[in-house]
Amino acid sequence: MNIKNIQVNHMTEPLGFDLSDLKIEFAVNSEKNVTLEKKLEIFVDDKSVYQTDWQAYTNNYFQPDLKLKPRTRYNFTINVRNTTENISASATSFFETGKMDEPFSAKWIGNNNKDIQNTLLKRNLELSKEVKSARIYMSGLGVYELNINDKKVGDELLAPGTTNYDKLIQVQTYDVTDSFTQGNNTIEISLGDGWYKGNLGFDGGKDKIYGDQQRAILELHLLYADGTEDIVNTDDQWLTTAGKITKSAIYYGEDLDDTIVPDNWVEASVLDYPIDTLADRLSLPLKIQEYLPAKELIHTPKDEQVIDFGQNNVGVIEFYNREPKGTKVTIQVGEILQKGNFYRDNLREARAAFTYISDGTNKWIRPHFTYYGYRYIKVSGNTQPLQLKDFRAAVVYSDMKMTGAIKTDNPEVNRLFENVQWSQKGNFFDVPTDCPQRDERLGWTGDAEIFSNTSAFNMNVYAFFKKYAKDMKVEQNSHNGMLTMYAPSLHVDEGGAAIWGDAATVIPWNMYSKYGDTAILKQNYSSMKGWVDWIHRNVEKSGTGLWTGSFQFGDWLSLDSENPAVPNGKTDEDFIASIYYYYSSSIVANTAKILGNEKDHKFYTDLCKDIKQNILKEYITETGRVAVDTQTAYALVLEFNLVPENLKSRVVADLVQRLKKDNDHLQTGFVGTPFLCQVLSENGQHELATKIFLNEDYPSWLYAVKLGATTIWERWNSVLSDGSMNPEGMNSLNHYSIGAIMEWAYKYVLGLHDQDNGYQTVYVEPKFDYRLKHISGHYDSSYGDLKIKYDLETDDNHTIALQIDVPYGQTVKLTLPRIGSSVNVDGQKVTDQVITLTNGHHEISYIPTSDYIGRYTIDSKLAAITADKELFDKIKSVTKELDMFNDPENVDRLGHMSIKEANMLFPFINIPTSEMEQINQILTSTPVLSEREAQDVSETV
């Protein structure tokens, strides 16, 4: 038995972070399901400052009631034991506070020349004593790198991250004990424009949104071996000049001239900027998480040199310089080729390039103060032949652990899930951005809200969203409760739209629901209320009790709009807005109850009841008919339980009928897409949900996969079937929103459901389908890694076999479909409908009440039937009425119909009832072609 995966506020060994609402979690690795006790002790300089008694292990965390002090390292020990079996384990870790509320003694400094693109600040420091401990507390605007004795401190990029710098500037803490030596030392800060001063925004963007001068502030706290202390501040003893970066910005890219030797150092200016916006960091550091090698060197029809990395990714390009001094190499980036040539028009106004002037030294080179979204790079200006080994893609995203994955027996589905995760990596870049490549890269609130649940399966995102929730709170505080379209807002005041604004309530609530931690609710409770209250004030003006008459995005980029040029979709915008008004109000009511505010709980509960009644009165009849006949409308009614249980079947039936009219293909946009398959699977239509999910033609998730996508696209058809870019524009090829389908896969294919307790209790309720017979996946919560594997149709008895590995401290409540009289669990027969599993490896098998072999039905499409020659020949032996479908052109025109539909609609097809019964019998007794082909392969093997 041992203790592993110790987390403090969902981070590992956090240094200098905002550590309010302290929570320490840990996982126990134990083969035995023994009863344990737990204990925590916290130390400062080997002195105990907090400890618990031995207490029953009822969960895997501690919430110490400890008043933290600034700039203090807290070491702690976690102990667990079982006194009966004399088993015990312990582990140590630490956390360290930053400045907290302690004011800075340092001052902001910079260069008087505000036009410098790369301000350098330097201080020489003579140390006559041995250093025992050294910490730097600092920030820089726009972005910075810190070097001590010509070596970069840490592995973080683009610090201090992006915030509304008017209101919040994050402070980073560095342990630099090992960086200093006795004697002469040099501290150097290199600054770029970043999000603070560089060009950002639409239509060419704006410069200097938050400020016009690069600057930095730093405190170095030294503790010497003899016990004395010293503080070195940024002040007038620092020097400044211009560096080697001649221009950089987030959209622009970077120009780096290594022939420049910084000189003309002058005294730095002490700047009169406030320090009250400085605060301990919430941002997880941006780091290089992995490297992708260059896959192929392409010489295009236009005689371009293009390198393909094989994967659309986000970060920086690194290359090994072999060029003579003075050679200027230019690298441009792109996501796709067009007619075999380099393409970058979908980047719009973003230059997104890197130029490098060589100093003649062979070495690895990368840009410092920008980042790129790309799969391909075009290289020009080189004098030496390009070699693939000299190029690599440094993949950068916020420092989060991958926690979940799903694998099936369908390679295209697996690629889709990989694409979702790659788009999350690429866009979880300090804030959840919409896209990483063009002149946007903004923290769009709606995209983040839609995808937040999916993201929490894929990665440990609690700390990431706690920071983003603070960004939203900052903007709401400046807009009377209204949430801007994106956060940070870049001084753009527009906002207040449903879903986008509802991120203010939904994201904190989703994080609480996934991780069982109320800290984010406490941090954002006032702004969650503020959002609902802002809507309420607008609703009161309308007098309808519904949210009407405001600007809305609608079901953004849906496919059912009556005017294809309008991206808002057909679903009534006021209907969507009112439902989310109801949902956000219910979240605030529930949050008030959790936080113990009974007055607010009653107020918002009563408000919910009123909103729901107004929605029903306006949009839903007493018999359950929904006034808005769109896929998204039905999905929202079902997802948010707007009709009583006895009317759900009517809404489900109408949704199924709507889908039938749409040829069983989705038509949803940003709003409906996360819920469509979920409400189908939840309401007895999992087979239809799986069919929609597995569609390969447009519109579908696999359409992009079939065209070679390695990330999720913004539009369902950002690339047309011939490989050309959609002429409508707005074609990011790395946009995670419609990747929210992976939440459905986690919940209904893998079957993972939790109960607001951080996965201490997990309800595993898979819904099987013959088209996905082999499924495996995992979710690594704070308790450990829950692993699940399903295999259907493992023998002639149709046996289903399961393997489930449950970590210690977690309880799995397993409910299986088509369960018979008993299930074999670890060699024992179990008759419970809900099977309880505790830690360990479990082997489970059972024979379902009906098999998972796919067969044709009377509703099967003629295209599928005619493609199965053996089946079609059997049907033609019954009737000659379908001989017209021997012609492929007729199949192309009418193959979307079933035999039953064709017989009803066309006077030239007249199949008698007796023959229809024979055809139905043939269909229902014939396994679909893919099933028979799979069986043939199995028998051959």
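Here the residue numbering is sequential within each chain, running from 1 through the sequence in written order. It should be noted that, the model being predicted, local features are given only for residues of pLDDT at least 70 and side-chain atom pairs only at 80 or more, the latter also being counted only at that level, while totals for whole chains, interfaces and linings use all residues. Each side-chain value is derived from all of the structure's non-hydrogen atoms; neither hydrogens nor water enter the calculation.

### Here we look at the overall build of the protein chain
Link 1 in the chain: A tally of helices and strands in the protein chain yields 20 helices and 46 strands.
Link 2 in the chain: With the radius of gyration taken over C-alpha atoms, the globule rule is written as 2.2 Å times the number of residues to the power 0.38. Here the protein chain has a C-alpha radius of gyration of 30 Å; the compact-globule value for 941 residues is 30 Å, and the two agree.
Link 3 in the chain: Viewed in the frame of its principal axes, the protein chain has a C-alpha envelope of about 100 × 75 × 70 Å.
Link 4 in the chain: Each residue's exposure class comes from its accessible area (1.4 Å probe, protein chains only) as a fraction of the maximum for that residue type: buried when under 20%, exposed when over 50%, partly exposed otherwise. Residues counted as buried form 61% of the 941 residues belonging to the protein chain.
Link 5 in the chain: Here, residues are in contact when the closest pair of their heavy atoms is within 4.5 Å. The long-range share in the protein chain, meaning contacts at least 24 apart out of those at least 6 apart in sequence, stands at 72%.
Link 6 in the chain: For the protein chain, the accessible surface area stands at approximately 37000 Å², while carbon and sulfur atoms represent 45% of it.
Link 7 in the chain: Computed over 94 positive and 132 negative side-chain charges, the separation of the two mean positions in the protein chain equals 2 Å. Each helix corresponds to a stretch of at least 4 residues labelled H or I by DSSP, and each strand to a stretch of at least 2 residues labelled E; elements are numbered beginning at the N terminus. We get accessible surface area from the Shrake-Rupley algorithm with a probe of 1.4 Å; when it comes to residues, only the shown protein chains can shield them. For the purpose of counting charges, residues Lys and Arg are taken to be positive, whereas Asp and Glu are taken to be negative. His and the chain ends are not included. By convention, charge coordinates are those of NZ in Lys, CZ in Arg, CG in Asp, or CD in Glu.

### Details of the UniProt feature "domain: Alpha-L-rhamnosidase six-hairpin glycosidase" (unreviewed entry) in the protein chain
Link 1 in the chain: UniProt positions are given in the numbering used here, feature names are shortened, and annotations may be inferred rather than shown by experiment. Feature annotation in UniProt assigns "domain: Alpha-L-rhamnosidase six-hairpin glycosidase" (unreviewed entry) to the following positions: residues 402-749.
Link 2 in the chain: Each end of residues 402-749 is marked by a C-alpha atom, and these two atoms are 20 Å apart; helix forms 54% of the span and strand 3%.

### Notes on the sheet that holds strand E2 (residues 24-29)
Link 1 in the chain: Judged by pairing direction, the sheet is antiparallel, and its 3 strands sit side by side in the order E1-E2-E6 without closing on themselves. A strand with exactly one partner marks an edge of an open sheet, and here the two such strands are strand E1 (2-8) and strand E6 (61-62).
Link 2 in the chain: Whether two strands pair depends on DSSP finding at least two bridges between them. Bridging between E2 and E6 involves 2 bridges; their strand directions are antiparallel. Pairing of glutamate 25 across the sheet is with tyrosine 61, part of E6.

### Re the UniProt feature "domain: Bacterial alpha-L-rhamnosidase N-terminal" (unreviewed entry) in the protein chain
Link 1 in the chain: The residues that UniProt annotates with the feature "domain: Bacterial alpha-L-rhamnosidase N-terminal" (unreviewed entry) are residues 129-272.
Link 2 in the chain: As a span, residues 129-272 carries 3% helix and 48% strand, and end to end its C-alpha atoms are 34 Å apart.

### Notes on the nonpolar core
Link 1 in the chain: Of all hydrophobic cores here, the largest spans 232 residues; its most connected members are Trp195, Ile377, Phe391, Tyr580, Trp701, Leu752 and Leu814.
Link 2 in the chain: It is helix H7 (residues 573-594) that provides the largest number of residues to this core, a total of 12 residues.
Link 3 in the chain: Not counting the four nearest positions on each side in its chain, leucine 752 is found in contact with Phe457, Tyr746, Lys747, Val762, Tyr763, Val764, Tyr779, Leu786 and Ile788.
Link 4 in the chain: The set of buried Ala, Val, Leu, Ile, Met, Phe, Trp, Tyr and Cys residues whose side-chain atoms join them within 4.5 Å is what this entry labels a nonpolar core. Formed by 27 residues, the second largest nonpolar core is a distinct cluster that contains Leu146, Tyr174, Leu191 and Leu218.

### Let's talk about the pairing of strand E39 (residues 774-781)
Link 1 in the chain: Where strand E34 (residues 404-408) and E39 come together, 5 bridges link them in antiparallel fashion. Along E39, the bridge assignment pairs isoleucine 406 with glycine 777.
Link 2 in the chain: Two elements, E39 and strand E40 (residues 784-791), share 8 bridges in a ladder whose sense is antiparallel. By the bridge assignment for E40, isoleucine 775 is matched with tyrosine 790.
Link 3 in the chain: Taking the residues between adjacent antiparallel strands as the criterion, E39 and E40 are bridged by 2 residues.

### Side note on the sheet that holds strand E13 (residues 151-152)
Link 1 in the chain: Overall, antiparallel pairing links the 6 strands, which are arranged E13-E12-E15-E10-E18-E21 in an open sheet. Each having just a single partner strand, E13 and strand E21 (266-267) make up the two edges of the open sheet.

### Brief notes about the side chain of arginine 932
Link 1 in the chain: Following the sequence through the fold, arginine 932 ends up in helix H20 (residues 929-940).
Link 2 in the chain: Given a relative accessible area of 18%, arginine 932 falls into the buried group.
Link 3 in the chain: Polar contacts here mean pairs of N or O atoms no more than 3.5 Å apart (in protein, one a potential hydrogen donor and the other a potential acceptor; neighbouring residues in sequence count only if both atoms are side-chain atoms). For arginine 932, the side chain forms a polar contact with the side chain of aspartate 868, separated by 2.7 Å.
Link 4 in the chain: Only 2.7 Å separates the side chain of arginine 932 from the backbone oxygen of proline 927, close enough to count as a polar contact.
Link 5 in the chain: Look past the residues within four positions of arginine 932 in its chain and what remains in contact with it is Tyr856, Asp868, Glu870, Thr926 and Pro927.

### With respect to H7
Link 1 in the chain: Each residue after the first adds 1.5 Å to the expected span of a helix. When the terminal C-alpha atoms of H7 are compared, their 32 Å separation across 22 residues agrees well with the 32 Å that a helix rising 1.5 Å per residue should span.
Link 2 in the chain: Here H7 starts with a cap whose side-chain oxygen sits 2.9 Å from the backbone nitrogen of aspartate 574, and that cap is aspartate 572.
Link 3 in the chain: Remark: glycine 596 follows H7 within two positions and exhibits a positive phi of approximately 80°.

### A look at the packing of aromatic side chains
The geometry of an aromatic ring pair is captured by two quantities: the separation of the ring centres and the angle between the planes.
Link 1 in the chain: Classification of ring pairs rests on two measures: the distance between centres of Phe, Tyr or Trp rings, Trp counted by its six-membered ring, which must be within 6.5 Å, and the angle between planes, read as stacked under 30 degrees, edge-to-face over 60 and tilted in between. Counted according to the given criterion, the structure contains 50 aromatic pairs.
Link 2 in the chain: Geometrically, the ring pair formed by phenylalanine 202 and tryptophan 444 is tilted, given 6.5 Å between the ring centres and 55° between the ring planes. Of this pair, phenylalanine 202 sits in the loop between helix H1 (194-197) and strand E16 (215-224) while tryptophan 444 sits in the loop between strand E36 (431-432) and helix H3 (445-458), and the two are 242 residues apart along the sequence.
Link 3 in the chain: Both rings, one in phenylalanine 551 and one in phenylalanine 553, keep their centres 5.0 Å apart while their planes meet at 75°; by these two values the pair is edge-to-face.
Link 4 in the chain: Exposure remark for phenylalanine 551: the relative accessible area of 53% places this residue in the exposed category.
Link 5 in the chain: Through pairs of rings, three or more aromatic residues link up here, namely Phe202, Trp444, Tyr486, Trp500, Phe551, Phe553, Trp556 and Phe670.

### As for the pattern of salt bridges
Side chains bearing opposite charge may pair, as long as their charged atoms lie close to each other.
Link 1 in the chain: Definition used for salt bridges: Asp or Glu carboxyl oxygen within 4 Å of a side-chain nitrogen of Lys or Arg. By the definition in use, this model includes 53 salt bridges.
Link 2 in the chain: Between arginine 73 and glutamate 96 there is a salt bridge; the shortest N-O distance is 3.4 Å. Here arginine 73, found in strand E7 (residues 73-82), pairs with glutamate 96, found in strand E8 (residues 87-96); they are 23 residues apart in sequence, far enough to count as distant.
Link 3 in the chain: For arginine 73, a relative accessible area of 31% corresponds to the partly exposed category.

### Quick word on the packing of helix H4 (residues 462-477) against helix H5 (residues 503-515)
Link 1 in the chain: Interhelical geometry of H4 versus H5 gives an angle of 155° and a closest axis separation of 10 Å. If you check the angle between H4 and H5, you find them roughly antiparallel. The interaxial crossing formed by H4 with H5 has left-handed handedness. Contacts between H4 and H5 involve Tyr462, Phe465, Tyr468, Met472 and Gln476 from the first element and Ala503, Ala504, Ile507, Met511 and Tyr515 from the second.
Link 2 in the chain: Charged means Asp, Glu, Lys or Arg here, nonpolar means Ala, Val, Leu, Ile, Met, Phe, Trp, Tyr, Cys or Pro, and polar covers whatever is left, Gly included. Per-class residue counts for the contact of H4 with H5 are 9 nonpolar, 1 polar and no charged. Every axis in this analysis is a line fitted to C-alpha atoms, fitted for helices over the stretch in contact. Angles between the N-to-C directions lie between 0 and 180 degrees. The scheme is simple: roughly parallel for angles under 35 degrees, roughly antiparallel for over 145, roughly perpendicular for 65 to 115, oblique for anything else. Here a crossing is taken to be left-handed if its near helix is turned anticlockwise relative to the far helix by less than a right angle, and right-handed if that turn runs clockwise.

### Quick notes on unusual backbone geometry
Link 1 in the chain: For the peptide bond that leads from leucine 141 to glycine 142, omega is -5°, which places it in the cis range.
Link 2 in the chain: Note on placement: glycine 142 falls in the loop between strand E11 (131-141) and strand E12 (143-148).
Link 3 in the chain: Residue proline 160 is bonded to the preceding alanine 159 through a cis peptide linkage, with omega at 10°.
Link 4 in the chain: When you line up the elements, proline 160 lands in the loop between E13 and strand E14 (169-175).
Link 5 in the chain: One non-glycine residue with positive phi stands out, namely asparagine 9, at about 50°.
Link 6 in the chain: Relative to the elements of secondary structure, asparagine 9 occurs in the loop between E1 and E2.
Link 7 in the chain: Here aspartate 21, not a glycine, exhibits a phi torsion of approximately 55°, which is positive.
Link 8 in the chain: When you line up the elements, aspartate 21 lands in the loop between E1 and E2.
Link 9 in the chain: Taking relative accessible area as the criterion, aspartate 21 reaches 36% and is therefore assigned partly exposed.

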